[in-house]
Amino acid sequence: MALFKAFQILKTAQITRLYYPACLNKMVIRKSSSKAESFLSGTNANFLEAQYLDWAKTKDKVDSSWDGLYESINGPVLQIEEFEDEFSPTTVKQKPKKEADEEETTRKIKLHLAVQNLIRSYQARGHLLSKTDPLTLTIPARWLLNKQKAPLDLKGLECRIVARELGTVLCEKHMDMVFKLPDRTFIGGKEESLTLREIIRRLETVYCGSIGAEYMHLYDLDCLHFIRERMETPGAFDKTPEEKRLIMRRLTKAVFLEKYFATKWPAEKRFGLEGGETMIVMLEEIVDTSTELGVESIVMAMQHRGRLNMLVNVCRKQLTDIFAQFKPMEPKEPGSGDIKYHLGTYIHRFIRKTNKYIKVSMSCNPSHLEVVSPVVVGKARAEQHWRGDANGDKVMAIIMHGDAAFAGQGVVYETMHLGNLPAFTTHGSIHIVCNNQIGYTTDPRFARSSPYCSDVAKCVDAPVLHVNADDAEAVAHVARVAIEYRCRFKKDVVLDLCCYRRFGHSEEDEPMFTQPFMYKKIRSMKTVDQIYGAKLKAEGTVTDADIKGWEKEYMDTLNKHFELAKKITKLSIMDWIDTPWTGFFEARDPNKIEETGISETTISTISKHFCKPPEPWAFEVHKGINRILANREKMVKEGVADWAMGEALAYGSLLRDKIHIRLTGEDVERGTMAHRHHVYHHQGVDGATYRVLDTLYPDQAQYSLHNSSLSEFGILGFEVGYSYSSPYLLTLWEAQYGDFADTAQPVFDTFIANGESKWVCQSGLVVQLPHGIDGAGPEHSSGRVERYLQQADDDEDNLPDLDDKDMALKQLRAANWLVCNVTTPANYFHLMRRQIALPFRKPLILMTPKVGLKHPFYRSSFKDFLPGTCFQRAIRESGPASKNPDLVKKLIFCSGKVAITIDELRKEKKLEDKIAMCRIEQLYPFPYDLVLKEFCRYQKARVAFCQEEHKNQGPWLFAKVRLENLFGKKIECISRPSSSASATGIKWMHAKELTELKAKIIDV
């Protein structure tokens, strides 16, 4: 060892005391100062070197006081150059000790930083190497390594896709070095330091095993910390023997139910859960844990795959009812019903683990897989309202998806992005993807542009936990993490259950046509109960006798209920209601529509409040609001209501009657055409608002008026679900323009138009579609009333009994929905109140005015709101033509804004006594009785139907056949010519069409 290094070791207080006196006697000590100077320099160095050589040859020649020093050095040759400083006579420069120490410190810091980066890289990207595919055919990293043939057992050490520190800064020589763990990891447990080899082993176990955790994109550090702790803490995945036995029993039920279906009905399409049976374990764990955390109600939606299994083993639907669905039977109730794997249910279920009850409801679902997602979120939000659950502590939603639908359907994003909107949040939902790794016959590489089907979740700050469905304990673990996360942070979380379809898209399918390699592998796969049972038997947790006993017990139960199902002779649709309205129908007179008129006192209270501005010292409104309020006050004094006042009287009186109102849409607070103004905005304080109808009465119901996001599909679906929650509720959704509802068409087609017929789900939802051909162009004109009339379940060849005094009510009860286009504020008022006054609930599709919102023709006297008045299904002629019917040359039936044109033309051309007009306000159910009375009144007149829409659109085609069947004669059509567009965007063309339409109207 060199002398300089020796002196570094010996430079202690003890050595200095022992040898420094001898040095003083033999050496010249420099008096000059230098920060790098030592006594071993210059002449002293030469002296020491010579003396050391003499001592090495014969110790007797050197004073014995030097023996200890030279023996401790124990070096073969003394190199004085190693001790020379900048003052020594040499050209060789050596690094100072301090600089060398700094380099060593820097090296150690770099290594520790590399270890920290390594840990963070596994936390952020370890999921790319996770083994979540039960078929072991791929890993997520394949999407990034598509040019390489990466092995499926790829480790972080072998692949720089996770951490580039491995193989560069951190190498094999560092594997057994001990590193202090950073604060932001829990892999050490109680240990503060680990070797690099152990750090990597633990990271690989946590992040590259059966669970792939994506959470490092979250914004909230507490959320990051929570998931990190639940994933990394040593022993976090461990289960007690009791928990393992419970998982095994649940797997037995899930697997054997599917086997039973396959045995008894081998050719029946049921969309079984084979290959993904651990979904039952996942849901059961969530339900059990949710009761521990205070949840009292869970609203669920799911795709058809595995639905029957879920109904039995999670929703606890009677096996007898399930088995009865497999045989053809006559239904007890009217309606179309639905196939068995679309049905829903509800139950108040007792959880033995916690000794608590929880309500579990499964919503009915159409084959449009993701349409139900916003519906269920809306149902959950409504139930939170009725329970007073402002923070989502008691009610939550669980939404299950298919992998292809979750990645491909835009309504998934439309639903998930509602999660943090104040008027739409449910304070977190759990999304579960039943990831079959295929969409019907389409491989994922052709179905999405990202590694995971769940990547949309990253847009909404939701963690994603991918899990191998054949690892039952890992499935149970992520389920617990998910429900704890949701209940603590009140945010969405996504579970990606990576599984497979054992029998293809359905039991009738042959998957080998399109996925031969995958299905060769699947045919060799053991069922998950066999995999887990073997594991537990190897551990000694269960015995073969235990498993056989559980299997026999469940098979006996299945056989027992199979025999009971044989005794069922009629199918009951009512048994599958998912949201019952207990007591409502029994408390109402089924043959009576309650009064819709209101007293003068109520009219006065609401109308005056609606005209009164907030105190100017407390709230600064826009000066335009003051002008609007002044005009309203003037009308009130005259006893007249415009459209905005008609709305206010309708909503205000219902709020007084304790009817909760929810009105949403893209511009509903102000109104698209600025007519409503139910919310004032402070002109000097950002965000301060004054909500006009919130303070009508001290004990009124809640008025939930909210502008929505720019979404029709998601928002309308949400409001449909909200409307299902209670009959004591008026839910309205208003499109910005009527044709904007086009993007929500699946909601109309699968829920609103036929929900009652399929699932006995009544809804009083009101859909308001601004409608009118007024030169605004093709996309801002028509609400496409013809579409909704086409979906009316009415037979035009079967006329009702016109002598039946209850005909109108019976028509309403039989209708699948109501379609109206009203032209007076009073009629709007009565129509809204009729929605609540009926002894049942029906959806209402309402064409609302645009020009008419502020037009004098759309005005009503306050007397039309009083008790004794009601909704007019048709408004008959009451002007000069009605005084002398025999002189009338032309009777025009019409609907909507065209009535303004007809009325103005009659006055302009002095034809008020020659042209009679009848406005059909309720197009469906069709008011046969009122229309016939008007027809008989003007027997000498030509009969025409007039509409502003093009001839191949609008209500004409619906009204034509009914009018002609009723009158027994052909009638004339006055309309714009047929067109593929709903309206022209060219001003000249619009003016030309309007001129021609007017000419036809006054042609008598």
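Residues numbered from 1 in each chain as written. Predicted model: local features only at pLDDT ≥ 70, side-chain atom pairs only at ≥ 80, totals over all residues. Heavy atoms only, no water.

Attention shifts here to the environment of Ser-363. The residue Ser-363 is located in the loop between strand S7 (356-362) and helix H12 (372-387) in this model. For Ser-363 and His-342, which are 21 residues apart along the polypeptide, the C-alpha to C-alpha distance reads 8.7 Å. When neighbours within four sequence positions are excluded, Ser-363 is seen to be in contact with Val-299, Met-300, Arg-307, Gly-344, Val-372, Val-376, Lys-379 and Asp-578. At a separation of 2.9 Å, a polar atom in the side chain of Ser-363 contacts the side chain of Lys-379. (Helix = DSSP H or I, 4+ residues; strand = E, 2+ residues; numbered from the N terminus. Contact = heavy atoms within 4.5 Å. Polar contact = N/O pair within 3.5 Å; in protein donor to acceptor, adjacent residues only side chain to side chain.)

Scanning the model with the defined rule gives 69 salt bridges in all. Among the salt bridges present, the one from Arg-197 reaches Asp-176, with a minimum N-O distance of 3.3 Å. Placement of the pair is Arg-197 in helix H6 (residues 196-207) and Asp-176 in the loop between helix H5 (97-125) and strand S1 (178-180), with a sequence separation of 21 residues. The structure contains a network of salt bridges with shared partners spanning Glu-229, Arg-230, Glu-285, Glu-292, Lys-353, Arg-480 and Glu-484. (Salt bridge = Lys/Arg side-chain N within 4 Å of Asp/Glu carboxyl O.)

Turning to the sheet that holds strand S20 (residues 818-820), a few remarks are in order. Reading across from one edge, S17-S14-S18-S19-S21-S20-S26 is the order of the 7 strands in this open sheet, with mixed pairing throughout. Looking at which strands have only one partner, the edges of the open sheet turn out to be strand S17 (703-707) and strand S26 (922-924). Strand-to-strand twist of the sheet, defined as the mean angle between neighbouring strand axes without regard to direction, takes the value 20°. Across 5 bridges, strand S19 (residues 766-770) lies against strand S21 (residues 844-848) in parallel orientation. For Val-766, the partnering residue across the bridge sits in S21 and is Leu-844. (Pairing = 2+ DSSP bridges. Axes fitted to C-alpha atoms, helices over the stretch in contact; angles between N-to-C directions.)

Here the focus is unusual backbone geometry. With an omega of 0°, the peptide bond running from Tyr-924 to Pro-925 counts as cis. Counting through the fold element by element, Pro-925 comes out in the loop between S26 and helix H30 (928-937). Backbone geometry at Thr-136 places phi at a positive 50°, although glycine is not the residue there. A residue is classified by how much of its surface remains accessible, and Thr-136, at 44% relative accessible area, is partly exposed. Even without glycine at this site, Asn-355 takes up a positive phi of about 60°. Residue placement: Asn-355 occurs in the loop between strand S6 (345-351) and S7. (Buried < 20%, exposed > 50% of the residue type's maximum accessible area, 1.4 Å probe, protein only.)

In terms of burial, S19 is largely enclosed, as 5 of its 5 residues are buried. Side chains of S19 alternate between two faces, with Val-766, Gln-768 and Pro-770 and Val-767 and Leu-769 buried alike. For strand S18 (residues 729-734) and S19, the ladder comprises 3 bridges, and the chain directions are parallel. Along S19, the bridge assignment pairs Leu-732 with Val-766.

So, on to the sheet that holds strand S28 (residues 972-976). A sheet is described by the order of its strands in space; here 5 strands give the open sequence S23-S25-S24-S27-S28, paired in mixed fashion. Because the sheet does not close on itself, it has two edges, and the strands there are strand S23 (874-875) and S28. Across 5 bridges, strand S24 (residues 890-894) lies against strand S27 (residues 942-950) in parallel orientation. Residue pairing in the sheet places Phe-893 in a bridge with Phe-945 of S27. Seen against the sheet, H30 touches S23, S24, strand S25 (915-920) and S27 and runs at an angle of roughly 165° to S24. Against the sheet, helix H32 (residues 987-1001) touches S24, S25, S27 and S28, its axis set at about 160° to S28.

This paragraph deals with the confidence of the model for the protein. Note: predicted coordinates in regions of low pLDDT should not be interpreted at a detailed level. In the predicted model, the protein carries a mean pLDDT of 88, and 90% of its residues have values of at least 70. pLDDT under 50 marks residues 1-38. Its contacts with residues more than four places away, or in other chains, come to 54 contacts. (pLDDT = per-residue confidence, 0-100.)

Turning next to helix H17 (residues 528-539). Taking 1.5 Å as the rise per residue, H17 with 12 residues should run 16 Å; its terminal C-alpha atoms sit 17 Å apart, in good agreement. Where H17 is concerned, the buried positions are Val-528, Asp-529, Tyr-532, Gly-533 and Leu-536. Down the axis of H17, the smallest arc covering the buried residues is 120°, so these residues share one side. The first or second residue beyond H17 is Gly-540, which carries a positive phi of 85°. (Expected span 1.5 Å × (residues − 1). Arc of directions from axis to C-beta.)

Moving on, we get to the packing of aromatic side chains. Scanning the entire structure with this criterion turns up 38 aromatic pairs. Ring centres 5.6 Å apart and planes at 65° place the aromatic pair Tyr-737 and Phe-740 in the edge-to-face group. There is no split in this pair, since Tyr-737 and Phe-740 are both buried. With centroids separated by 5.2 Å and ring planes inclined at 70°, the aromatic side chains of Phe-926 and Tyr-928 adopt a geometry described as edge-to-face. (Phe/Tyr/Trp six-rings, centres within 6.5 Å; stacked < 30°, edge-to-face > 60°.)

Scanning the model with the defined rule gives 0 disulfides in all. This cysteine, Cys-918, is not joined by any disulfide, and Cys-894 carries the nearest cysteine sulfur, 7.6 Å off. (Disulfide = S-S within 2.5 Å.)

Along the chain, Glu-993 turns up in helix H32. Residue classification places Glu-993 among the buried residues on the basis of a relative accessible area of 10%.

Structurally, Pro-885 can be placed in the loop between helix H28 (880-883) and S24. Those residues in contact with Pro-885, other than ones at most four positions away along the chain, are Arg-937 and Tyr-938.

Let's shift gears to the side chain of Asp-389. With respect to the helices and strands, Asp-389 occurs in the loop between H12 and strand S8 (395-402). In terms of polar contacts, Asp-389 uses its side chain to reach the backbone amide nitrogen of Lys-394, at 2.8 Å. In this structure Asp-389 touches Gln-384, Lys-394 and Val-395, once residues within four positions along its chain are discounted.

Let us look at the environment of Ile-547. For Ile-547, the position within the fold is in helix H18 (residues 544-565). Residues Ile-547 and Arg-245, 302 residues apart in the sequence, show an inter-C-alpha distance of 9.4 Å. With sequence-adjacent residues up to four places away left out, Ile-547 is seen in contact with Met-248, Gly-533, Lys-537 and Val-542.

This part covers the packing of helix H8 (residues 241-264) against H17. With their axes 9 Å apart at the nearest point, H8 and H17 run at an angle of 155° to one another. Relative to H17, the element H8 lies roughly antiparallel. In the crossing of H8 with H17, the sense of the turn from one axis to the other is left-handed. Across the interface between the two elements, Lys-244, Ile-247, Met-248, Leu-251, Val-255 and Phe-256 of H8 pack against Val-528, Asp-529, Tyr-532, Gly-533, Leu-536 and Glu-539 of H17. Residue composition of the contact of H8 with H17, grouped by class: 8 nonpolar, 1 polar and 3 charged. (Parallel < 35°, antiparallel > 145°, perpendicular 65-115°, else oblique. Left-handed = near helix turned anticlockwise from the far one by under 90°. Nonpolar A, V, L, I, M, F, W, Y, C, P; charged D, E, K, R; others polar.)

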